Amino acid sequence: MTEITFYQCFQTNILNGTKTITIRDASEKDFAIGSIVDVFTYEQHQWFAKIKILAITPISYHQLNDTHASQENMTLPELKQVIRDIYPNTDQLYVIHYQLVNEEERCRQ
Ligand SMILES: CC(=O)Nc1cc[nH]c(=O)n1
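Counting restarts for each chain: residues are numbered from 1 in the order of the written sequence. Since the coordinates come from a predicted model, pLDDT governs what is reported: local features require at least 70, and pairs of side-chain atoms require 80 or more to be given and counted, while whole-chain, interface and lining totals use all residues. Side-chain figures throughout are based on the complete set of non-hydrogen atoms in the structure, without hydrogens or water.

### Quick word on the pattern of salt bridges
And step 1. Salt bridges are counted wherever a side-chain nitrogen of Lys or Arg sits within 4 Å of a carboxyl oxygen of Asp or Glu. Counted by the stated rule, this structure contains four salt bridges.
And step 2. Two residues, R24 and E28, come together in a salt bridge whose shortest N-O distance is 3.0 Å.
And step 3. Burial here depends on accessible area, computed with a 1.4 Å probe over protein chains only, as a share of the maximum for the residue type. Under 20% is buried, over 50% is exposed, and the range in between is partly exposed. Its relative accessible area of 7% is what places R24 among the buried residues.
And step 4. Judged by its relative accessible area of 17%, E28 falls in the buried class.
And step 5. Here K50 and D38 are joined by a salt bridge, their closest N and O atoms 2.8 Å apart. Pair noted here: K50 is in strand β4 (residues 47–60) and D38 is in strand β3 (residues 36–41), with a separation of twelve residues, a long-range link.
And step 6. Residue class for K50 comes out buried when judged on its relative accessible area of 16%.
And step 7. Taking the relative accessible area as the measure of exposure, D38 reaches 22% and is therefore partly exposed. Comment: elements are numbered from the N terminus, with helices defined as DSSP H or I runs of at least four residues and strands as E runs of at least two.

Take a look at the structure:
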C-alpha cells in the first residue's frame, strides 16, 4: 500500500503535526513499517503530504483512551464519535502511527 486518504477536515492537523495517528479498519492495516506513503484528501483525491509509517497496532474500539484522543488532537468523546461515524459496525481497529515527512529531509536520506 503506497497511499492513504484522509478527510479534508484532518488536513490542517496532519500538516501542523498535531495529529500523529490514524485509526483504521482491517482494510487499511497492511502498510509496511518504515514505508513512505503519499497522502491524499478523501474528497478530491488531492495530494498534500508524505508520511512515514512508524507502527501499526491492533486495538478494539473499547480500548480507545485519552492518549489516542490526544494523538488525534481531539477529546476522547469526539474521537469515539468520529470512529463510530466512520466505522459504525467495526470493533477491531488498528492504530497507525506516522510521522510527517519533510521533503528536504527525505532528499538527504
Ligand atoms: C478517509 C478516511 O477513512 N479517513 C480517516 C479514517 C479514520 N481516521 C482518519 O484519521 N481518517
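### A few points about unusual backbone geometry
And step 1. Phi angles above zero are rare outside glycine, and H45 is one such case at about 50°.
And step 2. Assignment of secondary structure puts H45 in the loop between β3 and β4.
And step 3. The residue N73 is not glycine, and still its phi comes out positive at about 60°.
And step 4. Tracing the chain through its elements places N73 in the loop between α2 (66–71) and α3 (76–86).
And step 5. When its relative accessible area of 40% is taken as the criterion, N73 is described as partly exposed.

### Points about the site of the ligand
And step 1. Any residue with at least one heavy atom within 4 Å of a molecule or strand is counted as near it. Neighbouring the ligand are T5, F6, Y7, F10, K19, T22, I23, R24, Y42, I86 and Y87.
And step 2. One nitrogen or oxygen atom from the side chain of T22 is found 2.9 Å from an oxygen atom belonging to the ligand.
And step 3. Throughout this description, a polar contact denotes any pair of N or O atoms lying within 3.5 Å of each other; where both atoms belong to protein, one of them has to be capable of donating a hydrogen while the other can accept it, and for residues adjacent in sequence the pair is counted only when both atoms sit in side chains. Between I23 and the ligand, the recorded distance is 3.5 Å, taken from a backbone N or O atom to a nitrogen atom.
And step 4. Listed by contribution, the elements that provide at least two residues to the shell around the ligand are β1 (3–6) and β2 (21–24).
And step 5. Broken down by element, the residue count for the shell around the ligand peaks at three residues, all from β2.
And step 6. Put simply, Ala, Val, Leu, Ile, Met, Phe, Trp, Tyr, Cys and Pro go in the nonpolar bin, Asp, Glu, Lys and Arg in the charged bin, and everything else, Gly too, in the polar bin. Considering only residue class, the shell around the ligand consists of seven nonpolar, two polar and two charged.

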